[in-house]
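Analysis of the macromolecular model
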Amino acid sequence: MSRFARSPITAVLGPTNTGKTHLAVERMAGHASGMIGFPLRLLAREVYDRVVKMKGSDAEVALITGEEKICPPKARWFLCTAESMPLEREVAFVGLDEAQLGADPERGHVFTDRLLRARGFAETMILGSDSLKPMLKALVPDAEIIGRPRFSTLSYAGAKKLSRLPRRSAIVAFSAEEVYAVAEALRRLRGGAAVVMGALSPRTRNAQVAMFQAGEVDYLVATDAIGMGLNMDVHHVAFASLTKFDGRRQRRLTVAEMAQIAGRAGRHQRDGTFGALHDDGPNAFTPEEVLAIEAHRVPPLEKLFWRQGEPDFASVEALIASLEAKPTSEVLRAAPEAVDLAVLKRLSEEDWVRQRVRAPAMVRRLWAACGLPDFRKLGAEPHSRFVGRLFGHLSEGRGHVPHQWFADEIQRLDNMGGDVETLAGRIAAARSWAYIAHRADWLEDPIHWAERTRAVEEKLSDALHASLTQRFVDKRTTVLLRQIGADASNLPVTIGPEGEVSVEEHALGTLTGFRFTVAPEARAADKRMLLAAAEKRLGGEFRKRGAALAEAEDGAITLAGSVLAWSGVGVATLEPGANIARPRIRLDRSLDVLDPQARAAVQARLDRWFAEQIGKRLTVLGKLDEVTRDPQAGSPLRALANALLEAGGLLPRRAAAQLVEALDPPARQRLRKIGVTIGTLDIFAPALLKPGSAARRRELMGLADAPRDGAAVLPRTAPGADLVHGYRPLGAQAVRVDLVERIARAAHGSRKGRKPFAPDPALATSMGLTAETLGRLMAQLGFRTARGPEGEPQRWIWQGLVAPPKPKAPPRDNAFAVLAELKHG
């Protein structure tokens, strides 16, 4: 046998579809004996079947999982779940698959233990993600690390709703309820789907996968069990959600988990794609996540969970203490309390249990009983009662489970009636009894009961497969859809003047803009074929409408709030962009029906329309945006322009005092040419206060409570009576900022140095200002009252504006740093 590596311990790391598992199987088969530990029972079974075919007989190949044990007397090759690896056996080759699961809070301590202790006397191979590399260097420094590149390219295909998913797609969900809901939706939309979950028996899972592989259905709905190396002919992986409940809390998937699942798309040399069913919110990929998944970059692991793999059985107390011992390595963390330890603690509090576990052998027996997995997901308390009853039998008399109890429970489960959930629950219960049956020292006739439980589980599995198929597969619809796909042009599709869509005189829905809304009564099973034909034939109409929108006249496009509409139908929305003058124009999801070239043409037309509207109706904002991108403008002017754009063209002068002081004469002159007034109290563009421009400004800023058009002065309680709308609050009134500046200039024109003076009251009176409002305004403008002859108009003295506190000076050559300093100042 040729040398594969220089070290007897080899770590083969890389993303999915790199052939790591295949390599390990080939290496094991080249030795006289071997063992591989897998993360899933389903995967162990899949590889077992493959090795049996390689060796030509099952006489020397063993399968060992919690609920299934095929172990011939002369077995030399063992395929196991990680928990079930018989480490006491000496074999030439040992492999551990998906070793990065050592970071999993629930099962991680098992994988960490195997990583540290499972060794073949000739060769040991650790398989896993690149994220495992720092842990291996710290814990297994003798291991030779070998990288494996992915055979094919994995790329992001964007968000696609269920009705738009390509054939040979797998949709991944994270709860049984969500799996069933997605499968039901696919039955209605696409004729059906196969279902794969970790809780299924291998027989059910294989039957469902065979249905998908044979092309009887084009879609597969699965839990994240699909990410653990199960090989299926999947072209695209779609995430129904990006959050999962991990047993303690609802959390977002890690990048490593996303990459593991997405990597199921594509096989060998064929490229694959991944995406989500949503393009926004918490169930959409971020750009950073997409880049990491496509480049197969996963964050390195910083810790693995550990629990003593060889605990102390001297007493129950010693056993618990050793299981709760802290690891000595800095990269290891004590594992959270698992169900087996929680059950052990509960039972150790029972007097009858403590009386029976005084010898180490009985302590071992108690711990073995506590290792019975909670297949039914009952929780520690109910599960401990079941384990307690089991241990009660194991610790008395001959130490065997009573024949009658076992038989009665199996008989109770031997019932093929009920729905999907009921059958799945019976299979979960049967797994508990299968686990018990495969403990040779727990039953008087373990071989008989293992066969009996296997037969019941197989019957339940067949019933569950039939129930899943009946519930989630409509074969008639699948066949009809394929007929339509082959010859859709033979069915005439009619689009009426009001957008009503019909096929062969069957009304199917309404086409509004680019959105086809199916009529509720058209969802009957006998009309699915017609709906499929309509959707295919509407492609030409969509292309026609896309071309018309790309060449639309200015008057056909309108902006209402944040929605851009074409001929009265919303086609895009404004979202925050570089600034108010350059928002992001996001096409409505209904335009996903267009091809990329048509969408690009529509995007360009709407971008151009908006830019022209800014130029025509909000010229000031457009010119300020030009300033922000002009390197010749200077940092203070660019920063002030940015601040004005962020505030919608109106800014209190105090907020930008440092920038205003830093403006040189050319910069001030440029602002005046743009149409910006640096007033005594405010910096503003008078053109933006006119009714039409003010309305458009409010739409861009998302402002409500519009002030009355043309109002110079508003009651303080009136809608829009605040500075963001262009009105400066002054006591019981709010005065438009351009008129505030007129009064300021008139006051300064009337004063003579710092001598008392009385401004002409006619200007304020004509605007409708009260004496109180005028007084507050004069005070803000830097004047104080002065005594004068009684009965004469109020006199004022100029004392100057109070300078705002100076913030820490930001770098003068960085406009954005100046603006940031203003925000926090």
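Residues numbered from 1 in each chain as written. Predicted model: local features only at pLDDT ≥ 70, side-chain atom pairs only at ≥ 80, totals over all residues. Heavy atoms only, no water.

Some remarks on the overall build of the chain
For the record, the criterion: Every helix listed is a DSSP run of H or I at least four residues long, and every strand listed is a run of E at least two residues long, numbered separately from the N terminus. Computation of the radius of gyration draws on C-alpha atoms, with the globule rule given as 2.2 Å multiplied by the number of residues to the power 0.38. The classification of residues rests on relative accessible area computed with a 1.4 Å probe and restricted to protein chains. Under 20% of the type maximum is buried, over 50% is exposed, and intermediate values are partly exposed. Contacts are assigned to residue pairs that have any heavy atoms within 4.5 Å of one another. For accessible areas, the Shrake-Rupley method is used with a probe of radius 1.4 Å. Any residue's cover is judged against the shown protein chains and nothing else. We treat Lys and Arg as the positive residues and Asp and Glu as the negative residues; His and chain ends play no part in the count. Charged groups are reduced to one reference atom each: NZ for lysine, CZ for arginine, CG for aspartic acid, CD for glutamic acid.
A tally of regular secondary structure across the chain gives 28 helices and 34 strands. In terms of overall dimensions, the chain is more spread out than a globule: its C-alpha atoms have a radius of gyration of 37 Å, far above the 28 Å expected for 825 residues. Across its three principal axes, the chain shows a C-alpha extent of roughly 115 × 70 × 55 Å. Here the chain, with 825 residues, has 51% of them falling under the buried criterion. The contacts of the chain with a sequence gap of at least 6 include a subset with a gap of at least 24, amounting to 67%. Of the roughly 38100 Å² of accessible surface on the chain, 51% is carried by carbon and sulfur atoms. Each charge class in the chain was averaged separately, 116 positive and 98 negative side chains, and the resulting centres sit 6 Å apart.

Observations regarding the sheet that holds strand β23 (residues 557–560)
For clarity, the threshold we go by: The pairing criterion is simple: DSSP has to find at least two bridges between the two strands. Interaxial angles span 0 to 180 degrees and are taken between N-to-C directions of axes, which are lines fitted to C-alpha atoms, for helices over the stretch in contact.
Strand order in the open sheet made by the four strands is β23-β24-β25-β26, with antiparallel pairing throughout. Each having just a single partner strand, β23 and β26 (582–587) make up the two edges of the open sheet. Strand after strand, the sheet turns through a mean of 35° between neighbouring axes, direction not considered. Judged from the four bridges that link them, β23 and strand β24 (residues 563–566) form a sheet pairing that is antiparallel. The residue of β24 that forms the bridge with A560 is V563.

What about the nonpolar core?
Convention followed: Here, nonpolar core means buried Ala, Val, Leu, Ile, Met, Phe, Trp, Tyr and Cys residues that are tied together by side-chain atoms lying within 4.5 Å of each other.
Grouped together as the largest cluster of nonpolar side chains are 67 residues, with contacts concentrated most on I171, L344, L366, L390, F406 and I436. For this core, the leading source of residues is helix α15 (residues 420–437), giving nine residues. Excluding residues within four positions of it along the chain, L366 makes contact with V316, L344, L347, V353, V357 and F391. Within the second largest apolar cluster, 56 residues are counted, among which are A639, A643, V660 and A667.

A look at helix α21 (residues 635–646)
What counts, and what does not: Helices are assigned an expected span. That span is 1.5 Å times one less than the residue count.
The first and last C-alpha atoms of α21 sit 16 Å apart over twelve residues, in line with the 16 Å expected at 1.5 Å per residue. The buried fraction of α21 amounts to eleven of the twelve residues, a majority that puts the element mostly inside the structure. Taken together, the buried positions of α21 are occupied by S635, P636, L637, R638, A639, L640, A641, N642, A643, L644 and L645. With its phi angle positive at about 75°, G648 sits one or two positions after the end of α21.

Details of the sheet that holds strand β28 (residues 677–678)
Across the sheet, which stays open at both edges, the three strands sit in the order β27-β29-β28 with antiparallel pairing between neighbours. Edge positions in the sheet fall to β27 (650–652) and β28, since each of these pairs with one other strand and no more. Sheet analysis places β28 next to strand β29 (residues 682–684), joined by two bridges and oriented antiparallel. Among the inter-strand pairings, T677 is bridged to a residue of β29, identified as F684. Contacts between helix α25 (residues 737–750) and the sheet are confined to β27, β28 and β29, with β29 contributing the most and set at about 125° to the helix.

Focus: the confidence of the model for the chain
Using the following cut-off: Values of pLDDT, ranging from 0 to 100, describe the predictor's confidence in every residue of the model.
Per-residue confidence for the chain averages 85 on the pLDDT scale, and 90% of its residues sit at or above 70. Throughout residues 809–825 the model reports pLDDT below 50, and contacts reaching past four residues in sequence, or to other chains, amount to 27 contacts.

Examining the packing of aromatic side chains
Counted only if it meets this: Stacked, edge-to-face and tilted are the three classes for Phe, Tyr and Trp ring pairs, Trp counted by its six-membered ring, which pair at centre distances within 6.5 Å; planes under 30 degrees apart are stacked, over 60 edge-to-face, the rest tilted.
What the rule picks out here adds up to 15 aromatic pairs. Look at W352 and F391: their rings are 6.2 Å apart centre to centre, the planes differ by 35°, and that puts the pair in the tilted class. Here F391 lies in helix α13 (residues 380–394) and W352 lies in helix α11 (residues 351–356), a separation of 39 residues in the sequence. Between F406 and W449 the ring centres are 5.1 Å apart and the planes differ by 45°, which places this aromatic pair in the tilted class.

Focus: the state of the cysteines
To keep things clear, this is the line we draw: A pair of cysteine sulfur atoms is labelled a disulfide when the two atoms are within 2.5 Å.
This model, assessed by the stated rule, comprises zero disulfides. C71 takes part in no disulfide bond, and the closest cysteine sulfur to it belongs to C80, at a distance of 8.6 Å. For C80, a relative accessible area of 0% translates into the label buried.

What to know about unusual backbone geometry
In this model, H296 sits at a positive phi of 55°, which is unusual for a non-glycine residue. Backbone geometry at S567 places phi at a positive 50°, although glycine is not the residue there.

Quick look at the environment of E144
With respect to the helices, strands and loops of the structure, E144 is situated in strand β8 (residues 144–147). With 18 residues separating them along the chain, E144 and I126 place their C-alpha atoms 9.9 Å apart.

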